[in-house]
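# Chains, contacts and geometry: an overview
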Amino acid sequence: TGTDGAGVVLALPDTVAGSAYQVLDGTEGLWVLSGEPGETSATFVSASGRAGAPVVIGSAQRVASAAGFLVLGEGGRYDLVAPDGTARQGGTGLVMGAGESSVVLQRCAQPLQCRPVLVNLRTGATSDFARGEGARPGPMAEAQVGTDGSLAVLAAGPDTTTVWFGTAATGLRVAPFQNATAIAFSPDGRWLVGLEGKNLRAIDLRTGAARVLNDAGVTADASGTMGLTVFATTAP
């Protein structure tokens, strides 16, 4: 089973449920990734439970969904696939994450001079975050988009990581995380959550207040893919 963007629980068809390993939100349905390594495909399942024709992912290195499209990133470019299977060229840049209607790209003038760019797939509008102290956050490991269009970037350095967040209007600034390895916005966009070792730290983006979400004696772990970060807690 899976849940679409509206919170409706869908039963996945048997043709994809058996080998499904990831579900991405789509517009009025889900993109279901299934198959074995090297033979992966994506199938759009509508809100009524009807499955479309499978789309071969091939050599795509980054897979996400935004504005109903399946986003396939390979090298320095990406392609878009509509729910009906129609494919078209997207644009240039490394796909680092996606939101409800936008995709986050990393564009680099030189290896260490990279900047995040947000592209709205519905309107074609581009938001460039090249201002402020975070104009060049460095090579990105992950990016997340908030409900208000704000952006959070996890930049990986040689020995540590830095989390940047902000809007295109304000530019990016450093969030007070300590070597976080995964990040996510809360559904209402007010909180930014980061995984620090085995702890989940939440930052209130309105006040800057921070708190650890774990109960004492409970550890946390995370698994992430483009456009989706899932946090889980386990007893020690």
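Structure's up top.
## Thoughts on the overall build of the chain
Within the chain, the secondary structure is distributed over one helix and 24 strands. Put simply, 31% of the contacts in the chain that link residues at least 6 apart link residues at least 24 apart.

## Observations concerning the environment of Ala141
Take Ala141: it is sitting in strand β15 (residues 140-145). Remark: the alpha-carbon pair of Ala141 and Leu154, spanning 13 residues in sequence, is separated by 5.6 Å. Once you skip the residues sitting within four places of it in the chain, Ala141 turns out to touch Arg62, Met96, Leu154, Ala155 and Ala156.

## Some thoughts on the sheet that holds strand β7 (residues 62-66)
The strands making up a sheet are joined through hydrogen bonds of the backbone, oriented either antiparallel or parallel. The sheet built from four strands is open, its strands ordered β7-β8-β9-β10 with antiparallel pairing. At either margin of the open sheet sits one strand with a lone partner, and together these are β7 and β10 (87-92). When strand polarity is set aside, the average angle formed by the axes of neighbouring strands in this sheet is 25 degrees. Here β7 pairs with strand β8 (residues 69-74) via five bridges, running antiparallel. Bridging from a neighbouring strand, Ser65 pairs with Leu70 of β8.

## Details of the side chain of Ser102
Examined against the element boundaries, Ser102 turns out to sit in strand β12 (residues 102-110). Beyond its immediate sequence surroundings of up to four residues, Ser102 is in contact with Ala66, Leu118, Val119, Asn120 and Leu121.

Conventions and cut-offs
- As a convention, each chain's residues are numbered from 1 in the sequence order in which they are written.
- Totals for whole chains, interfaces and linings use every residue, but because this is a predicted model, local features are given only for residues with pLDDT of at least 70 and side-chain atom pairs only at 80 or more, for both listing and counting.
- To obtain the side-chain values, all non-hydrogen atoms of the structure were used and water was disregarded.
- Labels follow the DSSP assignment, with helices taken as runs of H or I lasting at least four residues and strands as runs of E lasting at least two, numbered in each case from the N terminus.
- We call two residues in contact when some of their heavy atoms are within 4.5 Å.
- Should DSSP find at least two bridges between two strands, the strands are regarded as paired.
- The convention used is that axes are lines fitted to C-alpha atoms, helices contributing only their stretch in contact, and that angles between N-to-C directions extend from 0 to 180 degrees.

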